[in-house]
Amino acid sequence: MRVISGKYKGRQIKPVPNRLTRPTTDKVKEALFQIIGPFFQGGNCLDLFAGSGGLGIEALSRGMDKAVFVDKHPKAIRTIHENIQMLHLGNATEVYRTDAFRAIKAAAKRELTFELIFLDPPYGKVSYEDLLESLETHRLLNKNGIIVCEHEGRTSLPDQFAGFEKKQTEIYGNTTALTLYQRKEQSM
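My aim in this report is to walk through the structure given alongside it, one point at a time. (Residues numbered from 1 in each chain as written. Predicted model: local features only at pLDDT ≥ 70, side-chain atom pairs only at ≥ 80, totals over all residues. Heavy atoms only, no water.)

Along the chain, the position of Glu136 falls in helix 5 (residues 128-137). Not counting residues up to four positions away in its chain, the partners in contact with Glu136 are Ala162, Gly163, Phe164 and Arg183. (Helix = DSSP H or I, 4+ residues; strand = E, 2+ residues; numbered from the N terminus. Contact = heavy atoms within 4.5 Å.)

With that out of the way, let us pick up the nonpolar core. With 32 residues, the main nonpolar core has Leu32, Ile36, Leu116, Phe118 and Val148 as its most contacted residues. Counting only elements with at least two residues in this core, the list comes to helix 1 (26-36), helix 2 (54-61), strand 2 (66-71), helix 3 (74-87), strand 4 (114-119), strand 5 (141-151) and strand 8 (176-183). If you tally residues by element for this core, the top one is helix 1, at 5 residues. The residues contacting Val148, other than those within four sequence positions of it, are Leu32, Ile36, Leu116, Ile117, Phe118, Leu119, Leu178, Thr179 and Leu180. With 24 residues, the next largest nonpolar core counts Val68, Ala100, Leu131 and Leu141 among its residues. (Core = buried A, V, L, I, M, F, W, Y, C linked by side-chain atoms within 4.5 Å. Buried < 20%, exposed > 50% of the residue type's maximum accessible area, 1.4 Å probe, protein only.)

Attention shifts here to the sheet that holds strand 2. The strand order across the open sheet built from 8 strands is 3-2-1-4-5-8-7-6, with neighbouring strands paired in mixed fashion. Where the open sheet ends on each side, the last strands, each with one partner, are strand 3 (93-97) and strand 6 (160-161). Pairing of strand 5 with strand 8, which is carried by 5 bridges, proceeds in the antiparallel orientation. Bridge pairing in strand 8 places Ile147 opposite Tyr181. Against the sheet, helix 1 makes contact with strand 4, strand 5, strand 7 (164-172) and strand 8, and its axis sits at roughly 25° relative to strand 8, the strand it touches most. On top of the sheet, helix 2 reaches strand 1 (44-48), strand 2, strand 3, strand 4 and strand 5; it is set at about 180° to strand 2, its chief contact. (Pairing = 2+ DSSP bridges. Axes fitted to C-alpha atoms, helices over the stretch in contact; angles between N-to-C directions.)

With that settled, consider the pairing of strand 1. Taking burial as the measure, the 5 residues of strand 1 include 4 buried ones, the bulk of the element. The sheet contact formed by strand 1 and strand 2 spans 5 bridges and is parallel. Note on strand 2: the bridge partner recorded for Leu48 is Val70. In the classification by handedness, the crossover that spans strand 1, the intervening helix 2 and the parallel strand 2 is right-handed. As paired elements, strand 1 and strand 4 share 4 bridges and run parallel to each other. Bridge pairing links Leu46 to Ile117 in strand 4. (Right-handed = clockwise from strand over helix to strand, strands pointing away.)

Counting buried residues in strand 8 gives 8 out of 8 residues, a clear majority hidden from the surface. Inspection of the sheet shows strand 7 paired to strand 8 by 8 bridges, in the antiparallel sense. Looking at the pairing, Lys166 lines up with Tyr181 of strand 8. Linking strand 7 back to strand 8 in an antiparallel pair, the connection comprises 3 residues, with Gly173 at a positive phi of about 70°.

For the rest of this paragraph, the subject is the packing of helix 4 (residues 100-109) against helix 5. Packing of helix 4 against helix 5 brings their axes to within 10 Å, and their N-to-C directions diverge by 10°. Considering their axes alone, helix 4 and helix 5 lie roughly parallel with respect to each other. Packed against helix 4, whose contacting residues are Ala100, Phe101 and Ile104, the element helix 5 presents Asp130, Leu131, Ser134 and Leu135 at the interface. Among the residues forming the contact of helix 4 with helix 5, the class breakdown is 5 nonpolar, 1 polar and 1 charged. (Parallel < 35°, antiparallel > 145°, perpendicular 65-115°, else oblique. Nonpolar A, V, L, I, M, F, W, Y, C, P; charged D, E, K, R; others polar.)

Turning our eyes to something else, we now look at helix 5. In an α-helix, one turn spans 3.6 residues, which is why side chains three or four residues apart end up on the same side. Within helix 5 the residues assigned to the buried category are Tyr128, Leu131, Leu132, Ser134, Leu135 and Glu136. The elements touched by buried residues of helix 5 are helix 4, strand 4, strand 5, strand 6, strand 7 and strand 8. Backbone geometry just after helix 5 places Arg139 at a positive phi near 50°.

One way to put it is that helix 1 packs onto helix 2 with a least axis distance of 11 Å and a crossing angle of 45°. When the axes of helix 1 and helix 2 are compared, the pair comes out oblique. Pair helix 1 / helix 2 crosses with right-handed handedness. Of helix 2, the residues touching helix 1 (which contributes Lys29, Leu32 and Phe33) are Gly54, Leu55, Glu58 and Ala59. (Left-handed = near helix turned anticlockwise from the far one by under 90°.)

Right under this line is the structure:
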């Protein structure tokens, strides 16, 4: 695994040492960032179900100011900390070992908002609809922000849900798809 572009381009990052996580491939990560905009002018991102932290780290490398990483597995948290330390990103990151729904509530209590939110739960284990509803209830997505859902290629997510509308879906082989949401009436 590596950082594809930006400040940390080409730097290797460690994967989580188990078979419970499914890292986003470099090919899918590169395609994703070409869709949402290759570089950012600051902002905050939330990487739920972060695994190794690869998506949030890529966003930081491409210009995001801050990333909040959330995962409930101890090995994932350890790996995220190692990757952050290796790239000297400590001042631009927060890492939490908790459930995604608790993390959403905690971020809302702190009045945090995000330009970019990554949702990459274990396939078939967490409802995207419940996640989107919670994000909308707690108003974590900024006005022009983007939610990226990584899911199984054969799974279709709704066109509209909980104040969000689907902007695009891209399928990569039989295993992975990316669906992007924004607030209704916003354009990418």
